[in-house]
Amino acid sequence: IPIGSLQREGPRRWRGRREERTPRSVGAPGHTGRRHGLRATIRAIRRFWDHFRLLFVLIIDILGCIWHELCMNRLLMDELLGWAKSKRRKPLILDGARQTGKTWLLKELGRRAYDGVVYLNFEEDKRLRALFTGDSLTPARILKDLRIYLQRDILPQRDLIIFDEIQECNEALNSLKYFCEEANEYHVAAAGSLLGIQLSTPNSFPVGKVNFLRLHPLTFLEFLDALGASRLCGLLKTADGFTPVPS
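All figures in this text were calculated on a predicted structure; none of them were measured in a lab.

Chemist: Break down the layout of surface pockets for me, citing the residues and quoting the values.
Modeler: Here the largest pocket defines a volume of roughly 160 Å³. The wall of the largest pocket is formed by Arg98, Gln99, Thr100, Gly101, Lys102, Thr103, Trp104, Asp164, Glu165, Gly192 and Ser193. Among the secondary structure elements, those contributing two or more residues to the lining of the largest pocket are helix 3 (102–113) and strand 4 (187–193). Residue contributions to the lining of the largest pocket peak at 3 residues, all from helix 3. Class assignment for the residues of the lining of the largest pocket results in 1 nonpolar, 6 polar and 4 charged.

Chemist: Can you lay out the environment of glutamate 168 for me, pointing to particular residues and giving the numbers?
Modeler: In this fold, glutamate 168 is placed in the loop between strand 3 (159–164) and helix 5 (170–182). Residue contacts for glutamate 168: discarding those within four places in its chain leaves Phe122, Glu123 and Arg129. A distance of 3.5 Å separates the side chain of glutamate 168 from the side chain of arginine 129, its partner in a polar contact.

Chemist: Can you lay out helix 3 for me, pointing to particular residues and giving the numbers?
Modeler: Here helix 3 contains 12 residues, and its C-alpha end-to-end distance of 16 Å stays within 8% of the 16 Å for a straight helix at 1.5 Å per residue. By the burial criterion, the buried members of helix 3 are Lys102, Trp104, Leu105, Leu106, Glu108, Leu109 and Gly110.

Chemist: Give a detailed account of the pairing of strand 2 (residues 116–121), specifying residues and quantitative values.
Modeler: The side chains of a regular strand alternate, residue by residue, between the two faces of the sheet. For strand 2 and strand 3, the ladder comprises 6 bridges, and the chain directions are parallel. Within strand 3, the residue paired with valine 118 across the bridge is isoleucine 161. With respect to chirality, the unit in which strand 2 leads through helix 4 (residues 139–150) into the neighbouring parallel strand 3 is right-handed.

Chemist: Explain the sheet that holds strand 5 (residues 211–215) residue by residue, including any values.
Modeler: In space, the 5 strands of this open sheet follow the order 2-3-4-1-5, with parallel pairing throughout. In this open sheet, the two edge strands, each paired with only one partner strand, are strand 2 and strand 5. Pairs of neighbouring strands in the sheet enclose a mean axial angle of 20°, with direction left out of account. As judged from the 5 bridges shared by strand 1 (residues 92–96) and strand 4, these two strands associate in the parallel manner. Across the sheet, the residue bridging to isoleucine 93 is alanine 190, located in strand 4. Relative to strand 4, helix 2 (residues 77–85) is tilted by about 145°, and along the sheet it contacts strand 1, strand 3, strand 4 and strand 5. On the sheet, helix 5 packs against strand 1, strand 3 and strand 4 and is oriented at approximately 150° with respect to strand 3.

About the thresholds
Per chain, residue numbering runs from 1 following the sequence as it is written. Where local features are concerned, this predicted model is filtered to residues with pLDDT of at least 70; where side-chain atom pairs are given and counted, the filter is 80 or more; whole-chain, interface and lining totals use all residues. Side-chain measures were taken over the full set of non-hydrogen atoms in the model, leaving aside hydrogen atoms and water. Using only the protein atoms, space was sampled on a 1 Å grid; points where a 1.4 Å probe fits but cannot get out form cavities, open sets with protein on both sides within 12 Å along at least five of seven lines form pockets, and lining residues are those with an atom within 4 Å of a point. Grid points are joined across faces, edges and corners, and a volume is the space filled by probe spheres set on the points. Strands here are runs of E lasting at least two residues and helices are runs of H or I lasting at least four, both read from the DSSP assignment and numbered beginning at the N terminus. The classification used treats Ala, Val, Leu, Ile, Met, Phe, Trp, Tyr, Cys and Pro as nonpolar, Asp, Glu, Lys and Arg as charged, and all other residues, Gly among them, as polar. Contacts are residue-level and defined by heavy atoms, with any inter-residue pair within 4.5 Å sufficient. Nitrogen and oxygen atoms within 3.5 Å of one another constitute a polar contact, given that in protein one can donate a hydrogen and the other can accept it, and given that sequence-neighbouring residues count only through two side-chain atoms. Take the residue count of a helix, subtract one, and multiply by 1.5 Å to get its expected span. The rule is simple: take the accessible area with a 1.4 Å probe, protein chains only, and divide by the maximum for that residue type; under 20% is buried, over 50% is exposed, in between is partly exposed. At least two DSSP bridges between two strands are required for those strands to pair. If the strands point away from the viewer and the path from the first strand over the helix to the second runs clockwise, then the crossover is right-handed. With axes taken as lines fitted to C-alpha atoms, and helix axes fitted only over the stretch in contact, angles between N-to-C directions fall between 0 and 180 degrees.

So, to be careful, I would describe these as geometric facts and stop short of saying anything about function.
Pasting the structure below:
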């Protein structure tokens, strides 16, 4: 810049030009930095929302399980508790349609009335069938093999032994007769689908050596009780007749 022009414009006008040029030279990088910072903030918010949503779903599932454990009450539980305390008790077969809650009900019985539960599922664990094969179905031999296989002790009158999906193993179904005759101090309860047990063809069905109970789907009274409307459930049980509620 010529010196004469500086002298003509004076220091104030030159200072103003320098201040005008400054935003054009350094303003663009600053604007880009602010834009990148905004994008990073949005990404962080999205990640936080994804994690929060997963945590919320997990909490809902946990609360649902707790509600199911604390609030669910099947009317058949009273009969099961009576079976557990009965001196004339025999091995139990709990049958019914699929997905009606047989497994949950027997496990809940074990939680309420026993110190421990020995759970055996013949559909999930195919190796369990080998423990019931052979020439002998004596409870002493079966219990010894189960202790070795499960690596735990099985106590009489204190543990509930559950044979789940028993229709998958005819020999296990036959062994209930010997548990009744030779080892009735062990509490054995079996669960299986109604159709599966009827179609099962064991060599010797334990007729007269087992107790039968049938579980039906959730009734309306059980549904009301699970929702916490126990007072309404009690009114329906004691009602002599039904009349429309005034509007």
